[in-house]
Amino acid sequence: MADLSINFAGIKAPNPFWLASAPPTDKAYNVIRAFEAGWGGVVWKTLGEDPAPVNVSSRYSAHYGKNREVMGFNNIELITDRSLEINLREITQVKKDWPDRAMIVSMMYPCEEESWAKVLPLVEATGADAIELNFGCPHGMPERGMGAAVGQVPEYVEMVTRWCKKYCSLPVIVKLTPNITDVRLPARAALNGGADAVSLINTINSITSLDLDNMVARPIVGGRSTHGGYCGSAVKPIALNMVAEIARDPATHGLPISGIGGISNWRDAAEFIALGSGSVQVCTAAMLHGFRIVEQMKDGLSRWMDEKGYASIEDFRGKAVANTTDWKYLDMNYQVIAQIDQDKCIQCGRCYIACEDTSHQSISQLIADNGARKYEVIKEECVGCNLCEITCPVEHCITMVPQASDKPYMNWTQDPRNPRAVAA
Ligand SMILES: Cc1cc2nc3c(=O)[nH]c(=O)nc-3n(C[C@H](O)[C@H](O)[C@H](O)COP(=O)(O)O)c2cc1C
Ligand code: SF4
Ligand code: SF4
C-alpha cells in the first residue's frame, strides 16, 4: 500500500492533506475533530495583533451551478476574531495531544519589525511545526496595510520573511496572493528572504452575484456589500497554473510548494502534487462537506498510487512540471481529429451546433426521411480544437484521435511560417 506520509520543508505529516487557515482551523474544537477524521495537518486560522478584529454579518456568498452545486465560494471574513492568548493556549495543547500531525500557525502582523520580534517567540513556544505568513487576505486587512497589501509588493514580502527567519527557528511558509499579475515575483522574493516554502493560492478578489431587487452585491451587510475572497472548485485552474509557474521557474526551482485552491477530492490533490506541490491544503470543500471528506481523499489517492506503482508521494511529485511549457515550444506538427462513437451518440446535435456556429464547420448533420439524425466529423476540416468533445454530454462519445505523422517535432521558434523564427 502506498505511503502517504510527507516531509514538507522539514514538517512531517502522515498524509499530505492539510486544512487551510480558515474557519475549519480556528479553534481546538474543530482541529481535534479534523485530526480524528484523519487530516494530516492544519494551518491554524491566522493570528493577528490584539485586540482581535471584529467580523460582520453576513459573511459568505456563492457562485452556483445549474443544480445549485457550489462552484465558487466567497467570504468577507477577517483573520481570527479571538485573542492571541486563547489561540496560543489551544495550539500548544492540540500539538501536545497530536504530535504526529503537522501544526502550522498562520500569522498576519503589521509591517513593523518589533511586532514580529515580539510575537514570534510566543508562537514558537507552542511547539508548532512551522509558521505560514498570510500575505494574501484580499479584503479588510489590506485596508489596514496587511494581507494582500504586503503580498503584492515583493520587497515587503522579502523584508517580512527575513524578519521571521531572524526571530524564529521554525520553517517559514509564505502564503501568496493570486491578486497579482505575476505570481513568480513574490515567490522569488520569499525565497530571497529565506522562506522555506510557499503556499498558494489565497482567495481571489470577487463579487459573486447581486440581489437585483435591492441593487446590492452579496454577501449583504445592512444593505451594502464589498468584494470578497473567491475560493472553491472554480479557482482550481487558476491555482494550478500559479503553482506550475513557480514550479517551473528556474529562480524558485526546488522551493517546496503547498498547493491550495479548489481541492475537493483525491484527483485534485494528485494534480497539484504532479505539478510540484509537496502538501495540499483544503478549505471550501471541508466547509461544504465536513471533515470526513479526507477519508475519500486518502483512500482515493492511495489506491491510484498503488495502481500506478507510486510507492510514495515523492515518486510522482512534480512529474507533470517538465511537460508544462511555453506555447512557443509546443509541437506544430502534432494533429488530433475528433471521432464520434455512433453507438454512444444520442443525436442531441450539440457538437454540430458548437462546431457549426463557432468553430470550423467540421461536423455534418444528416437528417433521414424518418427524422433520424446522424453526426459525422469531416476529417479534412477538423482542426482538433476539442470544442465538440467538451460540449458533448455523453462521456467518451467523442474522442480526440492523434493522427500518425512522419513529421518531426517542430516548435514555433523553428517553424518556417513564423516570420520572427529564432532557433530554440
Ligand atoms: C471563510 C474563509 C476564511 C478564510 N480565512 C483565512 C485566513 O484567516 N487566513 C488565510 O491565510 N486564508 C484564509 N482563507 C483562505 C483559505 O485558507 C484558502 O487559501 C482559500 O480558501 C482557497 O482554498 P479552497 O479553494 O480550498 O477554499 C479563508 C477562506 C475562507 C473561505
Ligand atoms: S474538434 Fe473542433 S473543429 Fe474538430 S469537429 Fe470538433 S469542434 Fe469541429
Ligand atoms: S454532442 Fe455527442 S451525443 Fe450529441 S450529437 Fe454530438 S456526438 Fe452525439
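Worth saying up front: this structure is predicted, and the values here are computed from it rather than measured.

The next subject is the overall build of the protein chain. The helix and strand inventory of the protein chain stands at 12 helices and 20 strands. Over its C-alpha trace the protein chain gives a radius of gyration of 24 Å, about what one expects of a compact globule, namely 22 Å for 424 residues. Its C-alpha atoms put the protein chain at 80 × 55 × 50 Å along the principal axes. The proportion of buried residues among the 424 residues of the protein chain is 43%. In the protein chain, once contacts between residues fewer than 6 apart in sequence are set aside, the share between residues at least 24 apart is 72%.

In this section: the sheet that holds strand 8 (residues 130–134). Taken together, 8 strands build a closed barrel; the order of strands is 3-4-7-8-9-10-15-16 and the barrel is parallel. The sheet shows a mean angle of 25° between the axes of neighbouring strands, direction not considered. Two strands pair when backbone bridges link them, and strand 3 (residues 17–19) and strand 16 (residues 277–282) are joined in this way by 3 bridges, in the parallel orientation. Residue Phe-17 lies in a different strand from strand 16, and its bridge partner there is Val-280.

The end-to-end C-alpha distance of helix 10 (residues 293–308), which contains 16 residues, comes to 23 Å, matching closely the 22 Å that a straight helix rising 1.5 Å per residue would cover. When we look at burial in helix 10, the residues that qualify are Ile-293, Val-294, Met-297, Lys-298, Leu-301 and Met-305. The buried residues of helix 10 occupy one face: seen down the axis, they fall within an arc of 135°. Facing away from the buried side of helix 10 by more than 90 degrees, the exposed set consists of Glu-295, Asp-299, Asp-306 and Glu-307. Buried residues belonging to helix 10 abut strand 3, helix 1 (28–37), helix 8 (266–274) and helix 9 (284–289). Gly-309 occupies a position one or two residues after helix 10 and carries a positive phi of about 80°.

Attention now moves to the site of ligand 1. Taken together, 29 residues form the shell around ligand 1, and within it Ala-20, Ala-22, Cys-231, Cys-283 and Thr-284 come nearest. Every element with two or more residues in the shell around ligand 1 is listed here: strand 4 (41–47), strand 6 (70–75), strand 14 (228–231) and helix 9. Looking at the shell around ligand 1 residue by residue, the class counts come to 13 nonpolar, 13 polar and 3 charged.

On to the site of ligand 3, then. In the region of ligand 3, 14 residues are neighbours, and Cys-345, Cys-348, Arg-350, Cys-351 and Cys-392 sit closest. Looking at the shell around ligand 3 residue by residue, the classes come out as 10 nonpolar, 3 polar and 1 charged.

So, about the pairing of strand 19 (residues 373–377). The pairing of strand 18 (residues 363–367) with strand 19 spans 5 bridges and is classified as antiparallel. Across the sheet, residue Ile-367 finds its bridge partner in strand 19, namely Arg-373. A loop of 5 residues connects strand 18 with strand 19, the two strands running antiparallel in sequence, and Gly-371 in this loop sits at a positive phi of about 90°.

The next point concerns the domain arrangement of the protein chain. Looking at the assigned domains, one finds that the protein chain contains domain 1 (6–315) and domain 2 (327–402). One C-alpha centre belongs to domain 1, the other to domain 2; they are set 41 Å apart.

Let's shift gears to the environment of Lys-308. Of note, Lys-308 is situated in helix 10. The class for Lys-308 is exposed, based on 11 C-beta atoms found within 10 Å. Expressed as a C-alpha distance, the spacing of Lys-308 and Ile-257, which sit 51 residues apart in the sequence, is 23 Å.

So, on to the nonpolar core. Among the nonpolar cores identified, the biggest contains 101 residues, and Ile-104, Ile-131, Val-198 and Val-243 are the most heavily contacted of them. The biggest single contributor to this core is helix 7 (residues 236–247), with 7 residues. What Ile-131 contacts, discounting residues up to four positions off in sequence, is Ile-104, Val-105, Met-107, Val-123, Cys-164, Cys-168, Leu-170 and Val-172. Core analysis: the second largest hydrophobic core is formed by 12 residues, Ala-338, Ile-340, Cys-355 and Cys-392 among them.

What counts, and where the lines are drawn
Residues numbered from 1 in each chain as written. Chains lettered and ligands numbered in written order. Predicted model: local features only at pLDDT ≥ 70, side-chain atom pairs only at ≥ 80, totals over all residues. Helix = DSSP H or I, 4+ residues; strand = E, 2+ residues; numbered from the N terminus. Rg over C-alpha atoms; globule rule 2.2 N^0.38 Å. Buried ≥ 20, exposed ≤ 12 C-beta atoms within 10 Å, placed from the backbone. Contact = placed C-beta atoms within 7 Å. Pairing = 2+ DSSP bridges. Axes fitted to C-alpha atoms, helices over the stretch in contact; angles between N-to-C directions. Expected span 1.5 Å × (residues − 1). Arc of directions from axis to C-beta. Near = placed C-beta within 6 Å. Nonpolar A, V, L, I, M, F, W, Y, C, P; charged D, E, K, R; others polar. Domains from an automatic or database assignment. Core = buried A, V, L, I, M, F, W, Y, C linked by C-beta atoms within 7 Å.

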